[in-house]
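Structure assessment
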Amino acid sequence: MVGTGVGARHGLLIKGGAVLENMHSLDVIIFDKTGTLTNKKVVLGSQHSFLSDDDQILHGIPSRVSNKNVLLWLAACAESQSEHPLALAVLNAAKSVWGDDFTQSDEGVRIENYRIVPGSGVECYMKKDHWGMWIIRVGTREWTKSGNSVSLDSSNDTTGDEEAVDLRLRGHVVVYVSALRLDSVARSGQVIGILSVLDPIDGDARSAVLALKKLGIDVWLCTGDHEITARAVASKVGIDDGNVCAGISPEGKADLVTRLQKTGRAEKSGASSTRRRVAMVGDGINDAVALARADVGIAIGAGTEVAVEAADVVLVKSSLHDVVVGLHLSRIVFHRILSNFFWAMSYNVLAIPFAAGLFFPLTNFRIPPEFAGAMMAFSSVSVVTNSLLLRRYRRPEILEDGNLDEGESFWWKIWMRMLTLPLRREGTVDTTGEDVLPLKQLNMV
Ligand code: ADP
Ligand code: MG
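These lines cover the structure that appears in this document, whether it is placed above or below.

What counts as what
Residues numbered from 1 in each chain as written. Chains lettered and ligands numbered in written order. Predicted model: local features only at pLDDT ≥ 70, side-chain atom pairs only at ≥ 80, totals over all residues. Heavy atoms only, no water. Pairing = 2+ DSSP bridges. Helix = DSSP H or I, 4+ residues; strand = E, 2+ residues; numbered from the N terminus. Contact = heavy atoms within 4.5 Å. Axes fitted to C-alpha atoms, helices over the stretch in contact; angles between N-to-C directions. Salt bridge = Lys/Arg side-chain N within 4 Å of Asp/Glu carboxyl O. Buried < 20%, exposed > 50% of the residue type's maximum accessible area, 1.4 Å probe, protein only. Near = heavy atom within 4 Å. Polar contact = N/O pair within 3.5 Å; in protein donor to acceptor, adjacent residues only side chain to side chain. Areas by Shrake-Rupley, 256 points an atom, 1.4 Å probe, with all protein chains shown as cover. Nonpolar A, V, L, I, M, F, W, Y, C, P; charged D, E, K, R; others polar. Donors = N, O, S within 2.8 Å, 3.2 Å for Na, K, Ca; no water. Phe/Tyr/Trp six-rings, centres within 6.5 Å; stacked < 30°, edge-to-face > 60°. Core = buried A, V, L, I, M, F, W, Y, C linked by side-chain atoms within 4.5 Å.

With respect to the sheet that holds strand 2 (residues 28–32)
- Strands sit in the order 1-15-14-13-2-9-10 across an open sheet of 7 strands; the sheet is mixed. Edge positions in the sheet fall to strand 1 (12–14) and strand 10 (244–245), since each has one partner strand and no second.
- In the packing of helix 2 (residues 17–24) onto the sheet, contacts are made with strand 1, strand 14 (296–300) and strand 15 (313–315), and the angle to strand 14 comes to roughly 105°.
- Docked against the sheet, helix 10 (residues 250–262) engages strand 2, strand 9 (218–222), strand 10 and strand 13 (278–282), running at close to 165° with respect to strand 2.

Laid out in structure tokens, this is it:
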């Protein structure tokens, strides 16, 4: 109880005391990429259109949209109902060109049937007399090229792939835009362009990851985005290359949680292995299943409502440092629970034989009943006082190199060390060889 209150003071909404207990024994933390390790300060980078002047789709575009901005307008119309960080970049760019009402029906264009497919992208239908009905999709390569109802093998169509690799190597996130005319014979979308988005890494991400690793946590990155971008982000924040899973669907993220739970922790002796406790940190609808499946689901406060609902802990200030604070606090709370047991038991174990007069024949001493009663009460007082002392908890400062500065005074540092010493597992985490990385079999998008 006190622990959850202290958490709230430090920006952690912890949904119940049991969560703190689960948290103290975490072995693995999986981070989502977009919107979690990267912040929401996204901006549109560049537009690469593959349309030619005689393309039919150009005939229905409102005249206020210039040819160089067609791609942006179509993508922004499809994104207009999405809360995704990448949607934000596209929408902001569109609003800066045409104002807030850029989707307003003009020159007879009607936009309807918005659809959001978590982990893949978005689509909308656009229609106008003598232009026909078009499905516009924005998102992953596979999603934009797949057909209306059936997913077609689109691997032969390589439009945009070369430009995409180049942009990704330069650190951009790439989204594909496709168009499919409903009455056409084609059943798969034709890529009409790609957009690049600059999605900067959160300033706290690297120090938070390094701190977690120093606290003995095995840190993973799992994303629906492309492998090149995922690996670039992982190396910048300090996540090992072998701990990166890219192109993963929302169900695949939940599968990864299960797999890492099943992969036992190698004990120092190397003999026994136990089920690992896994936390997932995410922001999107696409993370909700994994957040619910994990032992501890941690949602970014600025993330989607679905993620916040599914999580056990919400980072109210959306600061990744608060993941470290949560772990640190939970370890201290757990240690307090153990020490409460110790104090409550030791009073009774030592005092009851005396109070019962067990040693009276030998020592001629027995605790007077009123004094024994007072001691009983005092054992409860010590437990309550010990718990209330938690209110004095000070969050550690997380330094650039991942070290924790746990307080100013020397004695406070010694006190904190004593409290957390039995719970530190620095450098002991390793995975047993079984089946850690047939991650290729995870549900890919
Ligand atoms: P992450 O797992 O890193 O949070 P998502 O699963 O949200 O990423 O998205 C994975 C990929 O799906 C993105 O890189 C993008 O290509 C595509 N995508 C998903 N939603 C959208 C959207 N609203 N607009 C554009 N692309 C999207
Ligand atoms: Mg995300």
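Now, onward.
What to know about the environment of H59
- Tracing the backbone shows H59 in the loop between strand 3 (43–49) and helix 4 (70–79).
- Each C-alpha atom of the pair H59 and W131 lies 7.0 Å from the other, and the pair is 72 residues apart in sequence.
- H59 has contacts with D54, K128 and W131, leaving out every residue within four places of it along the chain.

A closer look at the pattern of salt bridges
- Under the defined criterion, the tally for this structure stands at 17 salt bridges.
- We note a salt bridge from D161 to R141, for which the minimum N-O separation is 2.9 Å. Pair noted here: D161 is in helix 7 (residues 161–169) and R141 is in helix 6 (residues 141–145), with a separation of 20 residues, a long-range link. Like D161, the residue R141 is buried in the burial classification.
- The partner of K213 in a salt bridge is D240, with the nearest N and O atoms 3.1 Å apart. One end of the pair, K213, is in helix 8 (residues 205–214); the other, D240, is in the loop between helix 9 (227–237) and strand 10, with 27 residues separating them in the sequence.
- Of the residues examined, K213 reaches a relative accessible area of 29% and is grouped as partly exposed.
- A cluster of three or more residues bridged by salt bridges with shared partners is formed by R141, E142, K145 and D161.

Looking at the site of ligand 1
- Near ligand 1 you find 20 residues, and of these D32, E79, H84, T223 and N286 are the closest.
- Between ligand 1 and the protein, one listed contact pairs an oxygen atom with a side-chain N or O atom of T34 at 2.6 Å.
- In the environment of ligand 1, a nitrogen atom lies 2.5 Å from a nitrogen or oxygen atom belonging to the side chain of E79.
- Coverage of ligand 1 by the protein amounts to 98% of the 550 Å² it exposes when considered alone.
- Mapped onto the shell around ligand 1, the elements with two or more residues apiece are helix 3 (33–37), strand 5 (121–128) and strand 6 (132–139).
- Grouping the constituent residues of the shell around ligand 1 by class yields 4 nonpolar, 11 polar and 5 charged.

Examining the coordination of the magnesium ion (ligand 2)
- Looking at the magnesium ion (ligand 2), the protein donor atoms are D32 (OD), T34 (O) and D283 (OD), and they sit 2.2 to 2.3 Å from it.
- Written as a sequence motif, the donor residues of the magnesium ion (ligand 2) are D-x1-T-x248-D. For the pair D32 and T34, one class covers both residues: buried.

As for the pairing of strand 5
- Where burial is concerned, most of strand 5 is hidden: 7 out of the 8 residues are buried.
- If you look at the hairpin formed by strand 4 (residues 110–117) and strand 5, you'll find 3 residues sitting between the two strands, and G119 has a positive phi there, around 85°.
- Across 8 bridges, strand 5 lies against strand 6 in antiparallel orientation. If you follow K128 over to strand 6, its bridge partner there is G132.
- In this antiparallel pair of consecutive strands, strand 5 and strand 6, the connection spans 3 residues, and H130 shows a positive phi of 60°.

Let's talk about the packing of aromatic side chains
- Tallied over the full model, the rule gives 1 aromatic pair.
- Ring centres of W131 and W134 lie 5.9 Å apart, and the angle between their planes is 35°; on these two criteria the pair is classed as tilted.
- Under the relative-accessibility criterion, W131 is labelled buried at 3%.
- Since its relative accessible area comes to 7%, W134 is described here as buried.

Quick look at the nonpolar core
- Core analysis: the biggest nonpolar cluster contains 44 residues, and I29, F31, L37, L212, I298 and V313 have the highest contact counts within it.
- Setting aside its immediate chain neighbours within four residues, I29 contacts L212, I217, D218, V219, W220, A279, V281 and V323.
- The next biggest cluster of nonpolar side chains, apart from the first, holds 40 residues, and it includes I61, C124, M126 and V177.

Structural notes on the environment of G189
- Locating G189 in the fold gives a position in the loop between strand 7 (173–181) and strand 8 (190–198).
- Considered as a pair, G189 and S146 are 43 residues apart in the sequence and their alpha carbons are 6.2 Å apart.

Topic: the sheet that holds strand 4
- Pairing within the open sheet is antiparallel, and its 6 strands lie in the order 3-8-7-6-5-4. Looking at which strands have only one partner, the edges of the open sheet turn out to be strand 3 and strand 4. Put simply, the sheet's adjacent strands are angled 20° from each other on average, direction ignored.
- Bridge count between strand 6 and strand 7: 6 bridges; the pairing is antiparallel. Paired with V138 across the bridge in strand 7 is V177.
- In this fold helix 7 packs onto strand 3, strand 7 and strand 8, with an angle of close to 160° to the strand it touches most, strand 7.

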